[in-house]
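# Breakdown of the fold
Listed below are the residues making up each chain.
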Amino acid sequence: MTNETLNIWTHLLPFWFFTWRFVAELAGTDVWNDSYSWPLLVYMATSCVYPLASSCAHTFSSMSTNARHICYFLDYGAVNLFSLGSAIAYSAYVFPDALMCSTFHNSYVALAVLNTSLSTGLSCYSRFLEVQRPRLSKMIRLLAFAYPYAWDSLPIFYRLFLLPEDGVQSEATLYHQKQTALTLLATFFYSAHLPECLAPGHFDYIGHSHQLFHVCVVMATHMQMEAILLDKATRRDGLLAAAPLLTLPQLAGALLLCLLLSLTNILYFSAALYRTPRPGPPPHAKDS
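Residues numbered from 1 in each chain as written. Predicted model: local features only at pLDDT ≥ 70, side-chain atom pairs only at ≥ 80, totals over all residues. Heavy atoms only, no water.

### Some words on the overall build of the protein chain
Each helix and strand in the protein chain was counted, giving nine helices and zero strands. Along its sequence from the N terminus, the protein chain presents helices and strands in the succession α-α-α-α-α-α-α-α-α. Computed over its C-alpha atoms, the radius of gyration of the protein chain comes to 19 Å, within 12% of the 19 Å expected for a compact globule of 288 residues. Overall, the protein chain is about 60 × 40 × 35 Å in size when its C-alpha atoms are taken along their principal axes. Counting every position in the protein chain, which comprises 288 residues, the buried fraction comes to 50%. (Helix = DSSP H or I, 4+ residues; strand = E, 2+ residues; numbered from the N terminus. Rg over C-alpha atoms; globule rule 2.2 N^0.38 Å. Buried < 20%, exposed > 50% of the residue type's maximum accessible area, 1.4 Å probe, protein only.)

### So, the packing of aromatic side chains
In this structure the tally under the stated criterion is 19 aromatic pairs. Summarising the aromatic geometry, the rings of Phe17 and Trp20 are spaced 5.9 Å apart at their centres and angled 40° between planes, so their arrangement reads as tilted. Taken together, the residues Phe17 and Trp20, both in helix α1 (residues 5-27) and three residues apart, mark about one turn of the helix. The exposure class assigned to Phe17 is partly exposed, which follows from its relative accessible area of 33%. Residues Tyr190 and Phe213 carry aromatic rings whose centres are separated by 5.0 Å and whose planes lie at 45° to one another, so their mutual orientation is tilted. (Phe/Tyr/Trp six-rings, centres within 6.5 Å; stacked < 30°, edge-to-face > 60°.)

### Description of the layout of surface pockets
When its volume is computed, the largest pocket comes out at roughly 820 Å³. Forming the boundary of the largest pocket are 37 residues, of which Val79, Phe145, Thr183, Phe213 and Val217 lie nearest the centre. Mapped onto the lining of the largest pocket, the elements with two or more residues apiece are α2 (38-60), α3 (65-94), α5 (134-162), α6 (170-192) and α7 (209-234). Considering each element in turn, the lining of the largest pocket owes the most residues, nine residues, to α3. (1 Å grid on protein atoms, 1.4 Å probe; cavity = no way out; pocket = protein on both sides within 12 Å on 5 of 7 lines; lining within 4 Å. Points joined across faces, edges and corners; volume = space filled by probe spheres on them.)

### Things to note about the nonpolar core
If you look at the biggest cluster of nonpolar residues, it comprises 45 residues, and the most contacted ones within it are Leu40, Tyr43, Leu84, Ile88, Tyr93, Tyr108 and Ile228. If you list the elements that add at least two residues to this core, you get α1, α2, α3, α4 (103-126), α5, α7 and α9 (248-275). No other element matches the 11 residues that α3 contributes to this core. Residues Cys71, Cys124, Phe128 and Ile266 belong to the second largest nonpolar core, which totals 11 residues. (Core = buried A, V, L, I, M, F, W, Y, C linked by side-chain atoms within 4.5 Å.)

### What to know about the packing of α3 against α5
Between α3 and α5, the shortest axis-to-axis distance is 10 Å and the interhelical angle comes to 10°. Between α3 and α5, the crossing angle belongs to the class labelled roughly parallel. Touching Tyr76, Val79, Asn80, Ser83, Ser86, Ala87, Tyr90 and Val94 of α3 are Arg141, Phe145, Pro148, Asp152, Ser153, Ile156 and Arg159, all from α5. Of the residues assigned to the contact of α3 with α5, the class counts are eight nonpolar, four polar and three charged. (Axes fitted to C-alpha atoms, helices over the stretch in contact; angles between N-to-C directions. Parallel < 35°, antiparallel > 145°, perpendicular 65-115°, else oblique. Contact = heavy atoms within 4.5 Å. Nonpolar A, V, L, I, M, F, W, Y, C, P; charged D, E, K, R; others polar.)

### Quick look at the packing of α2 against α3
Where α2 meets α3, the closest approach of the two axes is 8 Å, and the angle between their N-to-C directions is 165°. Here α3 runs roughly antiparallel to α2, going by the angle between their axes. For the element pair α2 and α3, the recorded crossing hand is left-handed. Tallied by class, residues from the contact of α2 with α3 come to 21 nonpolar, six polar and one charged. (Left-handed = near helix turned anticlockwise from the far one by under 90°.)

### Points about the UniProt feature "binding site: Zn(2+)" (unreviewed entry) in the protein chain
UniProt records the feature "binding site: Zn(2+)" (unreviewed entry) for His58, His210 and His214 in the present numbering. Annotated residues spanning 157 residues; largest pairwise C-alpha distance 11.8 Å, indicating a single compact cluster. Annotated residues from the preceding list that form part of the lining of the largest pocket: these are His58, His210 and His214. One can find His58 in helix α2. For His58, a relative accessible area of 3% corresponds to the buried category. A polar contact is formed between the side chain of His58 and the side chain of Glu4, at a distance of 2.9 Å. Looking at where His210 falls in the secondary structure, it is placed in helix α7. (UniProt positions renumbered as here; feature names shortened; annotations may be inferred. Polar contact = N/O pair within 3.5 Å; in protein donor to acceptor, adjacent residues only side chain to side chain.)

Below, the structure is given as structure tokens:
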């Protein structure tokens with residue numbers, strides 16, 4: 001069990017930072033006429049949602065055992081909404097030229113929407129196993145987050161490992177590399193519970209794995225945002241010539257379907273908490 005205070009602030013402060021970036025980008029964009037910027041605005045809006053949901057989950061999860069689970073159900077839904085926002089931005093700005101207008105590119109966002117539903121369902125289900133089978137619960141939750149990330153990152157992996165780039169795009173590629181490294185580091189902290197497993201009781205307030213996980217995730221999002229902004233600016237002419245832009249109905253439809261599927265999962269598993277009462281850890285226990 002560890003103190004939640006810094007867990008709250010390690011995502012609440014980034015929420016304000018990402019909101020400031022989003023508002024600044026919004027103020028400098030002709031929203032109604034610059035359809036090329038719509039995917040970026042969707043991505044930046046979703047980047048504000050997940051740190052706010054996480055900080056709220058860590059704040060209010062002490063109310064009761066069921067409230068704790070429901071808070072984290074909402075947190076998982078927000079993370080998956082951000083995953084879809086990333087996929088939309090990648091589809092618009094990051095895809096390598098060799099994959100533009102391919103079957104993979106054309107189905108990429110649609111499958112990302114389905115991934116959000118699967119991920120939300122698996123992560124919510126994993127909470128029902130955490131008392132009796134904590135290791136399995138952790139593995140399922142890790143898989144639930146890793147699968148959508150892997151799908152979203154396929155264009156990045158193609159660029160990093162199969163399509164070395166020179167010139168102006170190399171700076172964006174460097175940011176993509178940093179984002180990938182930070183995400184892997186975040187996954188390590190999330191799954192390994194270092195350093196507290198080496199010195200129990202010494203990192204209950206500052207420096208435990210969940211705090212480090214939060215910091216790495218936020219830094220990875222920052223690197224991702226910088227990479228997307230660079231790709232958007234430097235690849236504009238080639239992208240506009242290579243593929244049609246995502247339309248407003250396509251963007252709105254993907255977001256609404258993601259919200260509908262995620263909320264359906266959250267409502268189903270929230271109702272299941274009350275249908276089948278079960279013992280759980282104290283409400284103040286550290287969560288992950």
